[in-house]
Amino acid sequence: MSLHLSSPVTSIPGIGALAAKDLRNLGIVSVRDLVLYLPYRYEDYSVVRPIGSLRHDDTVTVTGRVRQIESRASKNRKVTLTEAIVENETGEIKVTWFNQPYLEKTLRAGFRISVAGRVDSRFGGVRTIVSPVWEPAGDRVHTGRIVPVYGLTGTLTMRRLRGAIEHALTVAAELVDFLPAEIRDEESFPARDVAIRNVHFPESRAELDAAISRLKFDELLIHQLMFAQVRKERAVRPATSVATDAEFLKSFVQSLPFPLTQAQRRSAWEIVQDCALERPMNRLLEGDVGSGKTAVAAIAIAGVLRANHAAAYLAPTEILASQQHAALGRFFSLDDSVGLVGLLTASQAKIGGESVTRKELFAAVADGRLRCLVGTHALLQQGIEIPGLALVVVDEQHRFGVQQRKALLDRLPAPHLLSMTATPIPRSLALTIYGDLDLSILDEMPKGRKPVATKLVFDKERAAMWTQIVAEIALGRQAFVVCPLIDPSDALGAKSVTEVAAMLQRALPRTVRVGILHGKLPSDEKAAMIAAFRDRAVDLLVSTTVVEVGVDIPNATMMVIVGAERFGLSQLHQLRGRVGRSDIASTCYLAPDGWSPDAKERLTAMTRTTNGFELAEIDLKLRGAGNVFGSAQSGFPDFKLATPADVPLMKKTRDVASRILAADPELEGHPLLREFVTVSLDEVHLE
Ligand code: ADP
Ligand code: MG
């Protein structure tokens, strides 16, 4: 059977049902998906050196013959060590693998092998390569080159995935090249199939750079064309003009439990004015964590409801949706003319505080009894029709792709769109990424906020930290303890929620009530735990980063981040934003498990500043732009390769897109490009 891009992954030698299942978890079903699954980094094993010349810390590939190989248990009997001597004319070197005793069978004495890795001579002065990748001498998939490193899942190994992708690339020539030839020539880009091949297995840095430039360009161009299309469709649509009832808005604002900041006042007014127009609003509300975006959105929504139209509020996670549902409910309950707020997520349906069936919720929306709906992606997926929908609010908008936003906006008259983000994106960048939009910025924190004191806590100081936390809890305060993992895992050596919670339950006084929260809990348990914490039935909440986005519990004034060195700066900043949400002084303890120069710089930056813009810039410098948007999966869904650092390229693709569309508005002369844009638009990416 011949192999094609459309073949299932199981057509690749070595990929059976089990591996196929793991691959499916990575979104890989076909050979095409394999080919388009890009490395997230590379190991440079292209330096091939004689064994005799190797020094400590060299990263190299060496080729030789296995002289001897044998396995034994380590001193503490926890792992099996397989040790071999590899030699050639120039010398010999030791190599060591952990827990791979079967290698003894594969790599018998005399086997000609290439191994790649880092040379370490700290083990009694014997030059050793620990856990090297290897392959038969002469092969060049895992050694002797710049080697791709991919994200893995389940029992899938790097070796197997890399081998499968290398095999899949034999049919890369089937990839269509949708880029018009004149643009390809102008930019001196490689063909698309060549770029794809080279992004996996480049022969040189230069080849890799060229491949990445080409693929980023493709990605950004398609994105710009999609945006242009959505924008064009939206711009010609009429929007509902929401009549401004200034008296009502004034009294609504007065009913809020706090005076608005100037920045909130200004932003809310900008939004209300936009909603009064007959063309659809397209506005981004930017404000650091805790700057009070929800209240601003609530004012706009209240205005819409008052004028007898409907509004939807989209949140990226179930926890955040429940919380925003509760917050809007509280704000609106102060003025009974506004009405009830509904909630729709994958597992919950509510009208006001009452749980209802999905059917009851849909019915209430259909007959106009319920005109304000908060929800997650479920709102998009369940095809709910909201009569009179005049305003869509998208919270943490970078967590939704263009397609998802389009799904909710694709109706007549066009709803006004308010996007919100806590990611500090400079104005020019926002305009480039998101196209023609208006910007409102909350550059002022509510009065009385004390900056969160941030402390680095090393092992010796941990006991004192817990004593302090217990004392504060006795005074009625609460604490978050954030861990990198849910369950213990030897492999990563990172602390888990279950371990830390068990440890704290043993070590802390009985009076401290410990709760657990993580993403694998059923959503009603998650909601119940958040509610218990909010109601102060739990003093100390041990959780994963599910508390990251927007969780608002003003009485929680302490946060411990365990394994803090494992988090990016932007994520640490987001996490820290969970405390310091009232006028009570708050503390964030960063408790690293390990220490590297990069970790040191990140964590000390956290102790130095609480300014999100500043931290984003440091993150950009230290770890590349992808991290400004958090983790890859949830950060920047429209792009696989492009990052905010690619602003110049974004500008260029924007110009190219408008040039193409000016000459050929419907892309009739560019059928391949048109197909690609349409497919991308219709392809609904879900969480
Ligand atoms: P974010 O911008 O991170 O979404 P929130 O909207 O969740 O911030 O607001 C954070 C907290 O600040 C909430 O408890 C909210 O009620 C409170 N808050 C909002 N605006 C003000 C204000 N002007 N004065 C005092 N507290 C405020
Ligand atoms: Mg928020």
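In short, a report on the structure. (Residues numbered from 1 in each chain as written. Chains lettered and ligands numbered in written order. Predicted model: local features only at pLDDT ≥ 70, side-chain atom pairs only at ≥ 80, totals over all residues. Heavy atoms only, no water.)

Regarding its fold elements, the chain presents 24 helices and 23 strands. What you see for the chain is a C-alpha radius of gyration of 28 Å, in line with the 26 Å of a compact globule of 687 residues. If one aligns the C-alpha atoms of the chain with their principal axes, the spans along those axes are about 90 × 75 × 45 Å. Counting across all 687 residues of the chain, residues that qualify as buried make up 53%. Considering only intrachain contacts with a sequence separation of at least 6, the fraction spanning at least 24 residues in the chain is 71%. (Helix = DSSP H or I, 4+ residues; strand = E, 2+ residues; numbered from the N terminus. Rg over C-alpha atoms; globule rule 2.2 N^0.38 Å. Buried < 20%, exposed > 50% of the residue type's maximum accessible area, 1.4 Å probe, protein only. Contact = heavy atoms within 4.5 Å.)

Let us look at a nonpolar patch on the surface. Taken together, the side chains of Phe98, Phe123 and Val130 make up a nonpolar region of the molecular surface, amounting to roughly 240 Å² of accessible area. Structurally, Phe123 can be placed in strand β5 (residues 112–123). What makes Phe123 partly exposed here is its relative accessible area of 44%. (Patch = residues over 30% accessible without salt bridge, like charges linked within 9 Å, V, L, I, M, F, W, Y side chains within 5 Å. Areas by Shrake-Rupley, 256 points an atom, 1.4 Å probe, with all protein chains shown as cover. Salt bridge = Lys/Arg side-chain N within 4 Å of Asp/Glu carboxyl O.)

This part covers unusual backbone geometry. For Asp57, which is not a glycine, the phi torsion comes out positive at approximately 85 degrees. Tracing the backbone through its elements, the reader meets Asp57 in the loop between β1 (41–44) and β2 (59–73). Positive phi, normally seen in glycine, also occurs at Asn308, with a value near 70 degrees. Within the secondary structure, Asn308 sits in the loop between α10 (293–306) and β10 (310–314).

Looking now at the site of ligand 1. Residues in contact with ligand 1 amount to 16 residues; listed here are only the nearest, Gly290, Lys293, Arg449, Asp552 and Arg581. Between a nitrogen atom of ligand 1 and a main-chain N or O atom of Pro259, the distance comes to 2.9 Å. Here an oxygen atom of ligand 1 sits 3.1 Å away from a polar atom, N or O, in the main chain of Gly292. Here ligand 1 loses 86% of its free accessible area of 570 Å² to cover by the protein chains. Among the detected pockets, ligand 1 sits in the second largest pocket. (Near = heavy atom within 4 Å. Polar contact = N/O pair within 3.5 Å; in protein donor to acceptor, adjacent residues only side chain to side chain. 1 Å grid on protein atoms, 1.4 Å probe; cavity = no way out; pocket = protein on both sides within 12 Å on 5 of 7 lines; lining within 4 Å. Sits in = over half its atoms within 2 Å of the grid points.)

Here we come to the pattern of salt bridges. Here the structure, examined in full by the defined rule, presents 28 salt bridges. With a closest N to O distance of 3.1 Å, Arg205 and Asp44 form a salt bridge. Placement of the pair is Arg205 in helix α7 (residues 205–235) and Asp44 in strand β1, with a sequence separation of 161 residues. Relative accessible area serves as the criterion here: at 55%, Arg205 is assigned to the exposed category. For the salt bridge of Glu565 with Arg566, the shortest nitrogen-to-oxygen distance reads 3.8 Å.

Tallied over the entire structure, the rule returns 0 disulfides. Left without a disulfide partner, Cys275 is nearest to the cysteine sulfur of Cys372, which lies 13 Å away. Take Cys275: its relative accessible area is 3%, and that puts it in the buried class. (Disulfide = S-S within 2.5 Å.)

Where strand β20 (residues 514–517) lies against strand β21 (residues 540–543), 4 bridges are found, and the strand directions are parallel. By the bridge assignment for β21, Ile516 is matched with Val542. Read as a crossover between parallel neighbours, the route from β20 over helix α18 (residues 523–534) to β21 is right-handed. (Pairing = 2+ DSSP bridges. Right-handed = clockwise from strand over helix to strand, strands pointing away.)

Spatially, the 6 strands line up as an open sheet ordered β18-β23-β22-β19-β21-β20, and their pairing is parallel. With partners counted over all chains shown, the strands left at the sheet margins are β18 (453–456) and β20, one partner each. With direction set aside, neighbouring strand axes in the sheet form an average angle of 20 degrees. In terms of strand pairing, β18 meets strand β23 (residues 587–591) through 4 bridges, oriented parallel. Residue pairing for β23: Leu456 is matched across the bridge by Leu590. Lying over the sheet, helix α16 (residues 462–474) contacts β19 (478–482), β21, β22 (556–562) and β23, oriented at roughly 155 degrees with respect to β22. (Axes fitted to C-alpha atoms, helices over the stretch in contact; angles between N-to-C directions.)

By secondary structure assignment, the location of Pro484 is in the loop between β19 and α17 (497–507). For Pro484, a relative accessible area of 23% corresponds to the partly exposed category.

Looking now at helix α6 (residues 192–200). Within α6, 7 of the 9 residues are buried, which leaves the element mostly enclosed by the surrounding structure. Of the residues making up α6, those classed as buried are Arg192, Asp193, Ala195, Ile196, Asn198, Val199 and His200.

This next bit is on the nonpolar core. Within the largest apolar cluster, 43 residues are counted, with the highest numbers of intra-cluster contacts made by Phe252, Ile301, Leu328, Phe332, Leu391 and Leu418. Of all the elements in the fold, those that place two or more residues in this core are α8 (246–255), α9 (262–275), α10, β10, α11 (318–333), β14 (372–375), β15 (389–394) and β16 (416–421). The element contributing the most residues to this core is α10, with 10 residues. With residues up to four places along the chain from it excluded, the contact list for Phe332 reads Phe252, Ala298, Ile301, Ala302, Leu305, Val338, Gly339, Val341 and Cys372. In terms of nonpolar packing, the next biggest core, distinct from the first, is built from 36 residues, Leu5, Ala20, Leu38 and Leu175 among them. (Core = buried A, V, L, I, M, F, W, Y, C linked by side-chain atoms within 4.5 Å.)

What follows deals with the pairing of β2. Here 7 bridges tie β2 to β5, and the two strands are oriented antiparallel to one another. When the bridges of β5 are listed, Val60 appears paired with Gly117. Bridge count between β2 and strand β3 (residues 80–88): 8 bridges; the pairing is antiparallel. Counterpart to Ile69 in the pairing with β3 is Ala84. What sits between the antiparallel neighbours β2 and β3 is a turn of 6 residues, in which Arg77 has the positive phi angle 65 degrees.

Geometric values such as these leave the question of function open.
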